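# Examination of the molecular architecture
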Amino acid sequence: MKKIFTILTITTSILATIISVLPISNLAVFPAALAFIFGVTAFYISKKTGEVKKIIQFSFLLTACALSIVTYKAFFIKTEVVNTKILNEKEAQFEEDAIEELENLDIESSEFEDIEIENTNLDN
Amino acid sequence: MCRILIHFVLILSFTTHLFAQNKAVAAGEKLTYTASYNMSGVLTDIAQVTMETNEVKTSKSTLLRLKCTAATYSKWDTFFKIRDLYESYVHPNNLTPYLYNRDVNEGSYFKNMKYTFSNSSNTVKSVMKKKNNYVENNSIKINSGTKDIVSTLYYMRILDYKNMAIGTKKSFTILFDNEEIKGIITYLGKETISTAIGKKECYKLAVGSSETNVLQGKNNNFLWLTADENKIIVYGKFKIPVGNGELKIKSASGLKN
């Protein structure tokens, strides 16, 4: 039992650390919470049997680091869009091309009438 | 007698047609949204979606350009970079599309799709471009009233929800990837929600197919449109395999009303 909880603590704390450095860092709270629960359980079971392995304490430290990264990223790193130069250029180019194409289109006056929308109101 | 009356109301509701006139969308409007992934209440912002309108003048007419762009936030750019552009050139009064352009640029994936609508003959000239100079030309026969995805999104805003009964369904036919797709929106009533632009009373709509029974809660795609003259989309919720996708308004400017 002690071994299982120790392995689970190590695995989830490593997972929390990995996720915390990825863009999906917010989701690291789930493995971090699990790491904490498994860690506390492993700690008490180990204490009963007499010896607490250093790896459990290290896992706690790892989890704390992961949570610190998550908190830092959530509060101090701004979510912004950068490097839209190509997109902006494309937008302008498309508009130019579209105007040229629309000039060639025969937009008939009949098309300027109101169009109909089918009302599929059923028996509600 | 009662049966005859019910049948009469049903036939009437099937044959009723509404005329939609644009009183909600004007040139110079800019709506910015954040697309997020929600897993058990933990939100992860993925991309910024912008919906803009501007006037386009040709020698014969003045059209409205409806433009939607999607760009991933910088933190995602190294993993997958999205720079998508969707635009539709429509009539300013009834949002009938004339020209549609879709430019998808997602890392190694590139696709450009252009539709030229001929509304009098109900045909669309489609040009698809892909990587390695691949070009495919098609002529597609469409049903009357078929629109592209962008003009449909804006078209939802010009419907009269004020006089709509809860449960009313409206059908749309959207041309996407050279195929006509039937979509249905169901009006679910009014709801007040908190947004980045304040607390708003909204029209809640369920988006789905005709087979989905939304009133029994069997639909997971919803849109909230402000219950004012502008009817802007302020919130969207979409079911994805694990968790939910969300679209939240960040800012709105240049509104018509």
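Everything quoted here is computed from the prediction, not taken from an experiment.

## Let's talk about the overall build of chain A
Summing up its helical and strand segments, chain A has four helices and one strand in all. When the helices and strands of chain A are read in sequence order from the N terminus, they spell out α-α-α-α-β. Put simply, chain A has 124 residues, and 27% of those count as buried. Partitioning the intrachain contacts of chain A with sequence separation of at least 6 by distance along the chain shows that 68% fall at a separation of at least 24.

## What about the pairing of strand E15 (residues 244-253) of chain B?
Residue and element names in this part refer to chain B. Note that strand E2 (residues 30-39) and E15 share nine bridges and pair antiparallel. Counted as the bridge partner of Tyr33 is Ile249 from E15. Pairing of strand E14 (residues 233-239) with E15 involves five bridges; the strand directions are antiparallel. Note on E15: the bridge partner recorded for Gly236 is Leu247. The antiparallel hairpin formed by E14 and E15 contains four residues in its connecting segment, where Gly243 sits at a positive phi of about 90°.

## Observations concerning the nonpolar core
Residue and element names in this part refer to chain B. Counting 58 residues, the largest nonpolar core has Ala47, Tyr89, Tyr98, Leu205 and Leu225 as the members making the most contacts within it. At six residues, strand E4 (residues 62-72) tops the list of elements feeding residues into this core. Ignoring any residue separated from it by four or fewer positions in sequence, one finds Leu205 in contact with Ile185, Thr186, Tyr187, Leu188, Phe222, Leu223 and Leu225.

## Describing unusual backbone geometry
Residues and elements named next belong to chain B. Positive phi outside glycine occurs at Asn133, with the angle close to 55°. Relative to the elements of secondary structure, Asn133 occurs in the loop between strand E8 (123-130) and strand E9 (134-141). For Asn133, a count of 6 C-beta atoms within 10 Å corresponds to the exposed category. Residue Lys231 is not a glycine yet carries a positive backbone phi of 45°. Along the polypeptide, Lys231 turns up in the loop between strand E13 (222-226) and E14.

## Notes on helix H2 (residues 29-49) of chain A
Residues and elements named next belong to chain A. For H2, which comprises 21 residues, the first-to-last C-alpha distance of 30 Å matches the rise-based estimate of 30 Å (1.5 Å per residue) to within 8%. Among the residues of H2, Pro31, Ala32, Ala35, Phe38, Gly39, Ala42 and Phe43 are the ones counted as buried. Relative to the axis of H2, the buried residues are bounded by an arc of 145° and lie together on one face. Elements that come into contact with the buried residues of H2 comprise helix H1 (2-21) and helix H3 (54-76). Gly50 sits one or two residues past H2 and shows a positive phi near 110°.

## Notes on the confidence of the model for chain A
Residues and elements named next belong to chain A. Of the residues in chain A, 86% have a pLDDT of 70 or more, and the chain-wide mean is 83. Here strand E1 (residues 116-118) stands out as the element of chain A with the lowest mean pLDDT, 43, in contrast to H1, whose mean of 93 is the highest. A low-confidence stretch, residues 113-124 (pLDDT under 50), is modelled with 33 contacts involving residues beyond four sequence positions or located in other chains.

## Structural notes on the environment of Ile46 of chain B
Residue and element names in this part refer to chain B. Its place among the elements puts Ile46 in strand E3 (residues 42-57). Expressed as a C-alpha distance, the spacing of Ile46 and Lys81, which sit 35 residues apart in the sequence, is 10 Å. Once residues lying within four places of it in the same chain are set aside, the contact partners of Ile46 are Ala35, Ser36, Tyr37, Thr72, Tyr73 and Trp76.

## Here's the deal with the UniProt feature "transmembrane region" (unreviewed entry) in chain A
Residue and element names in this part refer to chain A. Within this numbering scheme, the UniProt entry marks residues 26-46 and 58-77 as carrying the feature "transmembrane region" (unreviewed entry). Annotation note: span residues 26-46, helix share 86%, strand share 0%, distance between end C-alpha atoms 31 Å. Helix makes up 95% of residues 58-77 and strand makes up 0%, while its end C-alpha atoms are separated by 27 Å.

## Some points on the environment of Tyr187 of chain B
Structurally, Tyr187 of chain B can be placed in strand E11 (residues 179-195). For Tyr187 of chain B and Tyr203 of chain B, which are 16 residues apart along the polypeptide, the C-alpha to C-alpha distance reads 7.3 Å.

## Notes on the packing of H1 of chain A against H2 of chain A
Residues and elements named next belong to chain A. Running from N to C, H1 and H2 point in directions that differ by 150°, and their axes come no closer than 8 Å. The orientation of H1 relative to H2 falls into the category roughly antiparallel. Of the two elements, H1 crosses H2, and the hand of that crossing is left-handed. Side by side, H1 and H2 meet where Lys2, Phe5, Thr6, Leu8, Thr9, Thr12, Ser13, Leu15, Ala16 and Ile19 of the first sit next to Pro31, Ala32, Leu34, Ala35, Phe38, Gly39, Thr41, Ala42, Ile45, Ser46 and Thr49 of the second.

## Quick look at H1 of chain A
Residues and elements named next belong to chain A. For H1, with 20 residues, the first-to-last C-alpha span of 29 Å sits near the 28 Å given by 1.5 Å per residue. Within the span of H1, buried status applies to Phe5, Thr6, Thr9, Thr12, Ser13, Ala16, Thr17, Ile19 and Ser20. Viewed end-on, H1 has its buried residues packed into an arc of 165°, placing them on one side of the element. In H1, the exposed positions that point more than 90 degrees away from the buried face belong to Lys3, Ile4, Ile18 and Val21. Check the buried side of H1 and you find it contacts H2 and H3.

## Quick look at the confidence of the model for chain B
Residue and element names in this part refer to chain B. The share of residues in chain B with pLDDT of 70 or more is 88%, and the mean pLDDT across the chain is 86. Of all secondary-structure elements in chain B, the lowest mean pLDDT belongs to helix H1 (residues 2-15), at 38, while E13 reaches the highest, 95. Contacts of residues 1-19 to residues separated by more than four positions or lying in other chains number 13 contacts, the stretch itself having pLDDT below 50. Prediction confidence for the complex, expressed as pTM and ipTM, is 0.81 and 0.76 respectively.

The rules behind these values
Note on numbering: residues in each chain are counted from 1, in written sequence order. By the order in which they are written, chains take letters starting at A while ligands take numbers starting at 1. With the structure being a predicted model, the display of local features is reserved for residues of pLDDT at least 70 and the display and counting of side-chain atom pairs for 80 or more, all residues being used for whole-chain, interface and lining totals. Runs of H or I in DSSP of at least four residues are treated as helices and runs of E of at least two as strands, each being numbered from the N terminus. The exposure label follows from counting other C-beta atoms within 10 Å of a residue's C-beta, where the C-beta atoms are placed from the backbone and the thresholds are 20 or more for buried and 12 or fewer for exposed, leaving partly exposed in between. Two residues qualify as being in contact provided that their C-beta atoms, derived from the backbone, are within 7 Å of each other. Each pair of strands is called paired provided DSSP finds at least two bridges between the two strands. For the purposes of this analysis, a nonpolar core is taken to be any set of buried Ala, Val, Leu, Ile, Met, Phe, Trp, Tyr and Cys residues that are connected through C-beta atoms within 7 Å. For a helix, the expected span equals 1.5 Å multiplied by the residue count minus one. This arc is built from the directions going out from the helix axis to the C-beta atoms. Confidence scores labelled pLDDT are given residue by residue by the predictor and lie between 0 and 100. UniProt positions are given in the numbering used here, feature names are shortened, and annotations may be inferred rather than shown by experiment. Note on method: axes are straight lines fitted to C-alpha atoms, helices fitted across the in-contact stretch only, with angles between N-to-C directions ranging 0 to 180 degrees. Put simply, angles under 35 degrees are roughly parallel, angles over 145 are roughly antiparallel, angles from 65 to 115 are roughly perpendicular, and the rest are oblique. A clockwise turn of the near helix away from the far one marks a right-handed crossing, whereas an anticlockwise turn of less than a right angle marks a left-handed crossing.

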